[in-house]
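Observations on the three-dimensional arrangement
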Amino acid sequence: MIYPKIISRIKDSSSIAILSHVAPDGDNIGSSLGLYNALERTGKNVRYILDDEVPRLYRFLKNADKVERPGTWEAFDSVVVLDCGEPKLLGKCSQYLENNFIINIDHHISNTAYGNLNMVDANAAAVGEMVYQIIKIMGIPMDQDISECLYTSIVTDTGQFQYANTTSVTHQIAGDLINNGVSAPRMFEQIYQNNSKEKVLLMKLALETLEFYHEDKVACIAMDREKLDAAGAKPEDSDGLVNLARDIESVEAAVFLKELEPGKVKVGFRSKRFVDVCRVAKQFGGGGHIRAAGCTVAGSVDEVKAMVIEAVIKEFQQGVDTI
Ligand SMILES: [Mn+2]
């Protein structure tokens, strides 16, 4: 059990930096701001440093405007890294891992245990669940602001409570957060009924690229720079597009390709019941979860597509039905 060591280290630290990965998602922002708000209430000198912008959908969370961009290296009593499988995903914030005490709190099965203290629980639905436990054990009151942050973390990383990572504990925590002031309908409206026009246009262009493989069990969406630019979309607007391919009756595994720049393609994988997409992503230097993973691959969109689709189809022979 690593919790007690982490809790005493946090208690003994007066200056604390919270870091998480670039291309931030709801779990990353929600768990980081949840911990930030909790530690701020205890009077600690806490900073949340992120090498990216807070996506528009999450800016309603308390103190989202306090998120700082990385500058030059600084010393902290502790650096808490949340929801981040490996240091390279921190972008310029990886510099703060040098000569600082690192507390690594994560739920990615591919986590490389790069911290001085590591709390990696691949069964946690979201890092927000782990931060919830830490805040509870520290005895910090779970107010509405903290609760909204943690609820955002949990509702986004469970796909609105639909994935197999959602346990009775997940629902119990969500229930407690509602008891502490979260309005679930308000959160859903804020996060899921709030798409920009550009994002919906991007969905339309994405569906034009939809292709099927392996007797329609694999579906793929591929966005080159031309399409991404035509929609006028922000980088975060492609979050969730992979679900358009996954949520098709015949499909077990979905692949989403996004051209970051010529010769560099970001790939997202999702599966439903038996294909281990984390194993696929690892073959290309990435990682993640069994049902949701990603990697960044060198090559043209068409070259990368051919490679990753072949790898996904091979993985079908290994799969064991888990539902
Ligand atoms: Mn997460």
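Residues numbered from 1 in each chain as written. Predicted model: local features only at pLDDT ≥ 70, side-chain atom pairs only at ≥ 80, totals over all residues. Heavy atoms only, no water.

**Topic: the domain arrangement of the protein chain**
When its domains are assigned, the protein chain resolves into domain 1 (3–192) and domain 2 (197–315). Each of domain 1 and domain 2 has a C-alpha centre, and these two points are 26 Å apart. The junction of domain 1 with domain 2 conceals about 860 Å² of combined surface from both sides, 46% of it contributed by carbon and sulfur atoms. Counting the contacts that link domain 1 with domain 2 gives 0 salt bridges. (Domains from an automatic or database assignment. Buried area = accessible area lost by both parts, 1.4 Å probe. Salt bridge = Lys/Arg side-chain N within 4 Å of Asp/Glu carboxyl O.)

**Some details on the packing of helix H2 (residues 26–41) against helix H3 (residues 127–138)**
In contact at an axis separation of 9 Å, H2 and H3 are set at 10 degrees when each is read in the N-to-C sense. Considering their axes alone, H2 and H3 lie roughly parallel with respect to each other. Within the contact between the two elements, H2 uses Asp-27, Ser-31, Gly-34, Leu-35, Ala-38 and Leu-39 and H3 uses Val-127, Gly-128, Val-131, Ile-135 and Met-138. Broken down by class, the residue content of the contact of H2 with H3 amounts to 7 nonpolar, 3 polar and 1 charged. (Axes fitted to C-alpha atoms, helices over the stretch in contact; angles between N-to-C directions. Helix = DSSP H or I, 4+ residues; strand = E, 2+ residues; numbered from the N terminus. Parallel < 35°, antiparallel > 145°, perpendicular 65-115°, else oblique. Contact = heavy atoms within 4.5 Å. Nonpolar A, V, L, I, M, F, W, Y, C, P; charged D, E, K, R; others polar.)

**Structural notes on helix H7 (residues 197–208)**
Residues spaced three or four apart along an α-helix point in a common direction, a consequence of the helix completing one turn every 3.6 residues. Its 12 residues give H7 an end-to-end C-alpha distance of 17 Å, which sits within 8% of 16 Å, the value for a rise of 1.5 Å per residue. Regarding H7, the residues found buried are Lys-199, Leu-202, Leu-205 and Ala-206. For H7, the arc enclosing every buried residue in end-on projection is 120 degrees, short of the 170-degree limit, so these residues lie on one face. Facing away from the buried side of H7 by over 90 degrees, the exposed positions are Lys-197, Lys-204 and Glu-208. Turning to H7, the residues buried within the fold contact strand E7 (218–223) and helix H8 (225–230). (Expected span 1.5 Å × (residues − 1). Buried < 20%, exposed > 50% of the residue type's maximum accessible area, 1.4 Å probe, protein only. Arc of directions from axis to C-beta.)

**Considering the sheet that holds strand E4 (residues 102–106)**
The pairing of strands in a sheet happens through backbone hydrogen bonds and is either parallel or antiparallel. Here we have 5 strands laid out as an open sheet, ordered E2-E1-E3-E4-E5, and parallel in their pairing. Where the open sheet ends on each side, the last strands, each with one partner, are strand E2 (45–49) and strand E5 (117–120). Strand-to-strand twist across the sheet, computed as the mean angle between neighbouring axes with direction ignored, equals 15 degrees. Sheet topology places strand E1 (residues 15–19) next to strand E3 (residues 78–82); 4 bridges connect them, and they run parallel. If you follow Ile-18 over to E3, its bridge partner there is Val-80. Together, E1, E2 and E3 form the strand contacts of H2, whose direction differs from that of E2 by roughly 165 degrees. Along the sheet face, H3 touches E3, E4 and E5 and points at about 125 degrees away from the line of E4. (Pairing = 2+ DSSP bridges.)

**A few points about helix H1 (residues 3–12)**
All of the buried residues in H1 are Tyr-3, Ile-6, Ile-7 and Ile-10. End-on, the buried residues of H1 take up no more than an arc of 95 degrees, which puts them together on one face. H1 presents Pro-4, Lys-5 and Asp-12 as exposed residues on the side facing more than 90 degrees away from its buried surface.

**Considering the state of the cysteines**
Following the criterion strictly, the structure yields 0 disulfides and no others. Considering cysteine sulfurs only, Cys-84 is the nearest to Cys-93, which forms no disulfide, with 9.7 Å between them. Between Cys-278, a cysteine without a disulfide, and Cys-295, which holds the nearest cysteine sulfur, the sulfur-to-sulfur distance is 10 Å. Given a relative accessible area of 3%, Cys-278 falls into the buried group. (Disulfide = S-S within 2.5 Å.)

**Details of the pairing of E7**
In terms of residue burial, E7 counts as a mostly covered element, since 6 of its 6 residues are buried. On E7, burial covers both faces: Val-218, Cys-220 and Ala-222 on one face and Ala-219, Ile-221 and Met-223 on the other are all buried. Pairing of strand E6 (residues 211–213) with E7, which is carried by 3 bridges, proceeds in the antiparallel orientation. Across the sheet, residue Glu-211 finds its bridge partner in E7, namely Cys-220. Linking E6 back to E7 in an antiparallel pair, the connection comprises 4 residues, with His-214 at a positive phi of about 55 degrees.

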